[in-house]
Amino acid sequence: MCIRDAFAKQSKLSSWRLEQIVFKMSEKCMDFNEFLPYIGELGAYQKRLLLYMMPFAFMFALIYLAQIFMLLVPQDHWCRIQELEDFPKAKQKELGIPKDKDGVYKRCSMYDVDFKLHSNATSANESWATTKCRDGWMYDRGQVPYETISTQYNWVCQKDHYVSYAIAAGFVGSIFGCLSLGYVADHWGRIPALFLANACGLAGGLLSAACTNFYTFAAASVLQGWSYDTCFTSIYILTMETVGPQYRTLTANLSLATFYTVGACVLPWIAYACNGWRTFAVLTSVPIIILILMCLIIPESPRWLLSVGKVEKGLKIIRKIAKINGKTVPEDVLVAFQQCSEVAYHEEQLAKKYTLLDIFKSCRMGRIVLILSLNWMIIALVYDAHVRIITNVGTDIFISFSLANLAELPGGLIPLVLMDRTGRKIMLFTVLLLCSICNLLASLLTKEWDIAIAAIFGRLCVTIANNVGEQWAAEILPTVVRGQGLSLIHILGAAAAVLSPFVVYSGDYSSSLPMKILAGLAVIGAVLVLFLPETTNVALPQTIEEAETRWQQKFWFRKKKL
């Protein structure tokens, strides 16, 4: 159906006026990307959205990372021996705990003797029989000064796998959350998805504070995991869909670079001040109520409303954007855009309803999405492993965790400054390669703070990769399946991140093994980047067909100007 015929059927305008509109549009319908300059590509309205993103980014850090400080186990812990509790701690270890070949006290063994008969001994006899811990454990409170769920219920030694499984449970929840809330984002709207995600985060966080065993805690972790990453990505997508292409990098990275960093850096000190994991769980969950209330005042994405045929609601928000931005849209342009939006929607409805399966019917888009997904899986796994591994390098947990999370600030600002200059492809390729080098270096060093510094630089590189990859995926996927597509990618990323605690705790077999694994994965991710299309300064595709044409990109770093 041509535009003139569509206008004639659906518009009450005179034929002369209709011809004038069609002439002004040069016989071509104006899509949202072309219309956006009329209402402002980064005006007061978009800046308001950017401001709204800040508390969501801050709380995203707390939702995502709080579990680490509820599950912490001091590296130094030993069997509690009731007969020796009247002795100083050093004496208890000297008499009751065997050492390994490196002279380090074993965490899960004790001497199996009658200590009353050896109360006058100054040291243990290595020939004494040993047994597993019988009376619980002692924990070095100098390393973790408060009670965690792991120390309260002794998730160590034979139960040390509970920690990994509890973390993995959160990512299992994330898989189901991305799947269900991604559907909500595309069919009900970005704001309902944002509301439901944060409601899950609130419920899961509060329930975790009441847990008394592993199974209830794992269930609460699944519910809380249901919220991420949608508790932030919904407003992230909404903002990305409302700004011009040249401002996407700014809006995508500023909130993560600032408020996510602040949240991640203060989190360990909140845990330290709470002096108990239950109080900490409540304190990091209750502020989510503010985010849920904010969902009631944040407008829906006009781009999404137009894409699903809710043109009147979309135009209402568009008029609001223009008013707040101080723009006046010519009435003929607004009418023409309305008609085009209605025609585009109806033609799309008559043609087909898009699902993720439609992407894979296109050879090019299917290949791109598969590569994009695999690359994101690697980034998600490496990133999450870096977040957690810093607590295992032997330095002060609270200081090193805060320092490592400071990498989030330059990790967000560097893409802000460089990504539009270098392009997405060359930047992501470079930082993944540098991440691999840092990881390899950390695996070869021996001093604790040297390892920590190399790990922090690796964290910086994978943080940049995470921010670039997040924005790149949103730019490659067309509007009609962007929510579903990002959800699929994040589902696969969450599935990969399930393995991260097991990568981290592979250090129990070899201290350098985790970093070597991460180095290899980062190299694979860098190679995959070379097969993805460049999107710098390219308008977001609306349909799968548009994306299919737009991403006729060649290998390596060439940019296709569109």
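Below: a short report on this structure. Since this is a predicted model, take the numbers as computed values, not measurements. (Residues numbered from 1 in each chain as written. Predicted model: local features only at pLDDT ≥ 70, side-chain atom pairs only at ≥ 80, totals over all residues. Heavy atoms only, no water.)

**Focus on the overall build of the chain**
- A tally of regular secondary structure across the chain gives 26 helices and 4 strands.
- Each principal axis of the C-alpha atoms in the chain carries an extent, and together these give about 110 × 45 × 40 Å.
- When each of the 562 residues of the chain is scored for burial, the buried share is 58%.
- Partitioning the intrachain contacts of the chain with sequence separation of at least 6 by distance along the chain shows that 79% fall at a separation of at least 24.
- Accessible surface, the chain: about 23,300 Å² in total, of which carbon and sulfur atoms supply 62%.
- Averaging the coordinates of the 51 positive side-chain charges in the chain and doing the same for the 44 negative ones gives two points 6 Å apart. (Helix = DSSP H or I, 4+ residues; strand = E, 2+ residues; numbered from the N terminus. Buried < 20%, exposed > 50% of the residue type's maximum accessible area, 1.4 Å probe, protein only. Contact = heavy atoms within 4.5 Å. Areas by Shrake-Rupley, 256 points an atom, 1.4 Å probe, with all protein chains shown as cover. Lys, Arg positive; Asp, Glu negative; His and termini not counted. Charge placed at Lys NZ, Arg CZ, Asp CG, Glu CD.)

**Concerning the state of the cysteines**
- Evaluation of the coordinates by the stated rule reveals 2 disulfides.
- Disulfide pairing places Cys79 opposite Cys133 at an S-S distance of 1.7 Å. When the S-S torsion is -65°, as for the bridge of Cys79 with Cys133, the disulfide is left-handed. Within this pair, whereas Cys79 is found in strand 1 (residues 77-79), its partner Cys133 is found in the loop between strand 3 (130-132) and strand 4 (137-139), the two being separated by 54 residues in sequence. Of the two residues, Cys79 and Cys133, both sit in the buried class.
- Here Cys108 connects covalently by a disulfide to Cys157, the sulfurs 2.0 Å from one another. Disulfide Cys108 to Cys157: torsion about the S-S bond roughly -95°, handedness left-handed. Of this pair, Cys108 sits in the loop between helix 5 (89-96) and strand 2 (109-111) while Cys157 sits in the loop between helix 6 (149-152) and helix 7 (161-187), and the two are 49 residues apart along the sequence.
- With a relative accessible area of 28%, Cys108 lands in the partly exposed category.
- Unpaired in this structure, Cys178 has its nearest cysteine sulfur neighbour in Cys231, at a distance of 9.6 Å.
- Not engaged in a disulfide, the cysteine Cys200 finds its nearest cysteine sulfur in Cys231; these two sulfurs lie 9.9 Å apart. (Disulfide = S-S within 2.5 Å.)

**Some words on the pattern of salt bridges**
- Tallied over the full model, the rule gives 11 salt bridges.
- Between Arg80 and Glu85 there is a salt bridge, with the nearest N and O atoms lying 3.2 Å from each other.
- Judged by its relative accessible area of 30%, Arg80 is partly exposed.
- Overall, the relative accessible area of 40% leaves Glu85 in the partly exposed class.
- Two residues, Arg388 and Asp384, come together in a salt bridge whose shortest N-O distance is 2.7 Å. Of this pair, Arg388 and Asp384 are both found in helix 18 (residues 363-389), 4 residues apart, which corresponds to roughly one turn of the helix. Accessibility assignment for this pair places Arg388 and Asp384 in one class, buried.
- Each of Asp186, Arg190, Glu241 and Arg482 takes part in salt bridges that share partners, so that together they form one network. (Salt bridge = Lys/Arg side-chain N within 4 Å of Asp/Glu carboxyl O.)

**Focus: the packing of aromatic side chains**
- Counted according to the given criterion, the structure contains 25 aromatic pairs.
- Considering the side-chain rings of Phe214 and Tyr215, the 5.3 Å spacing of their centres and the 75° angle between planes classify their relative orientation as edge-to-face.
- Overall, the relative accessible area of 11% leaves Phe214 in the buried class.
- With relative accessibility at 62%, the residue Tyr215 sits in the exposed group. (Phe/Tyr/Trp six-rings, centres within 6.5 Å; stacked < 30°, edge-to-face > 60°.)

**A word on the environment of Val343**
- Along the chain, the position of Val343 falls in helix 16 (residues 331-351).
- On the basis of relative accessibility, which here comes to 3%, the residue Val343 falls in the buried class.

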